[in-house]
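Single-letter residue listing:
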Amino acid sequence: MKKKQWIIAATVLVALALAGGGWLLVSGSGEQVSPGPAAVIQAAFVCPNDRLFNMEAITPMGEGVVLTEEDKARIETASEQVKENWKEDVGEYFAPACWESFIMGPANQFLMSAALMGQTVEIKKIELVEKGSLYENVLVTISRGGQQSQVLTKFSLDEEGLITRVEFIQTN
């Protein structure tokens, strides 16, 4: 009876680890997606996510658009809150000088697109493609608006394993 309970418990733990943590073993290699890249992938590819992307933080532009001081303050407050939420969720995984370029660059790429198009984006599969001491490449299969696609997610790392650069490359 104890052996059966152990097998059931082990099966449940493995299923939870694979489903919830964003970790994935590469067949036969024993390597895993590191915690930092896994957290960034979960944050960047699960939409909608009002915590990490808020339409209120977008500054409307165009001919005839006039923003009041109240509008500007509301946009600034929403923008700062989103930035703080990103920092809370994944900031610890970035090298200090590299955080700003991520937040101003690829961080909201998929979240904004999904919000503007009214789509849901979910992660279907995370696969470690290649891992070195200063980089990690992860292929992420997502479903966006019912259509599956893949994004090669490239992470550059420093000597301490902190992220220095993130690049999202749509592969299909």
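Quick caveat: nothing in here was measured; it's all calculated off a predicted structure.

So, the overall build of the protein chain
And step 1. Counting secondary structure elements, the protein chain contains five helices and four strands.
And step 2. Seen in sequence order, the protein chain has helices and strands lined up from the N terminus as α-α-α-α-α-β-β-β-β.
And step 3. Looking at the 172 residues of the protein chain, the share that counts as buried comes to 33%.
And step 4. Carbon and sulfur atoms form 56% of the exposed surface of the protein chain, whose accessible area is close to 10,500 Å².

Points about the side chain of Ser 143
And step 1. Its place among the elements puts Ser 143 in strand 2 (residues 135-144).
And step 2. For Ser 143, a relative accessible area of 10% puts it in the buried group.
And step 3. Here Ser 143 is in contact with Thr 120, Val 121, Glu 122, Lys 124 and Gln 148, once residues within four sequence places are set aside.

A closer look at the environment of Ile 123
And step 1. Examined against the element boundaries, Ile 123 turns out to sit in strand 1 (residues 121-132).
And step 2. Sequence separation between Ile 123 and Val 46 is 77 residues, and the spatial gap between their C-alpha atoms is 6.6 Å.

Describing the pattern of salt bridges
And step 1. For the structure shown, the criterion picks out nine salt bridges.
And step 2. Across the pair Glu 88 and Arg 51 runs a salt bridge whose closest N-O atoms are separated by 2.9 Å. With a gap of 37 residues between them, Glu 88 in helix 3 (residues 69-90) and Arg 51 in the loop between helix 2 (35-45) and helix 3 connect regions that are remote in the sequence.
And step 3. By relative accessible area, which is 33% here, Arg 51 ends up partly exposed.

Side note on the sheet that holds strand 2
And step 1. If you walk across this open sheet you meet the four strands as 1-2-3-4, and the pairing is antiparallel. Both outer strands of the open sheet, strand 1 and strand 4 (163-170), are each paired with one neighbouring strand and no more. Taken over all neighbouring pairs, the strand axes of this sheet differ in orientation by 20 degrees on average, direction set aside.
And step 2. Where strand 2 meets strand 3 (residues 147-157), ten bridges bridge the pair, whose relative direction is antiparallel. Across the sheet, residue Tyr 135 finds its bridge partner in strand 3, namely Ser 156.

Considerations on the packing of aromatic side chains
And step 1. Across all of its chains, the model carries seven aromatic pairs by this definition.
And step 2. Seen in terms of ring centroids, Phe 45 and Phe 110 are 4.8 Å apart; in terms of plane orientation they differ by 50 degrees. Their pairing is tilted. Of this pair, Phe 45 sits in helix 2 while Phe 110 sits in helix 5 (residues 109-117), and the two are 65 residues apart along the sequence.
And step 3. Classification of Phe 45 as buried rests on a relative accessible area of 0%.
And step 4. Assessed through its relative accessible area of 4%, Phe 110 is described here as buried.
And step 5. The interplanar angle of 45 degrees and the centroid separation of 6.0 Å between the aromatic rings of Trp 99 and Phe 102 together place this pair among those described as tilted. Of this pair, Trp 99 and Phe 102 both sit in helix 4 (residues 99-104), three residues apart, which is roughly one turn of the helix.
And step 6. Under the relative-accessibility criterion, Trp 99 is labelled buried at 5%.
And step 7. Overall, Phe 102 belongs to the buried group, its relative accessible area being 3%.

What counts, and where the lines are drawn
Residues numbered from 1 in each chain as written. Predicted model: local features only at pLDDT ≥ 70, side-chain atom pairs only at ≥ 80, totals over all residues. Heavy atoms only, no water. Helix = DSSP H or I, 4+ residues; strand = E, 2+ residues; numbered from the N terminus. Buried < 20%, exposed > 50% of the residue type's maximum accessible area, 1.4 Å probe, protein only. Areas by Shrake-Rupley, 256 points an atom, 1.4 Å probe, with all protein chains shown as cover. Contact = heavy atoms within 4.5 Å. Salt bridge = Lys/Arg side-chain N within 4 Å of Asp/Glu carboxyl O. Pairing = 2+ DSSP bridges. Axes fitted to C-alpha atoms, helices over the stretch in contact; angles between N-to-C directions. Phe/Tyr/Trp six-rings, centres within 6.5 Å; stacked < 30°, edge-to-face > 60°.

Everything listed here is a matter of geometry and, on its own, says nothing about what the molecule does.
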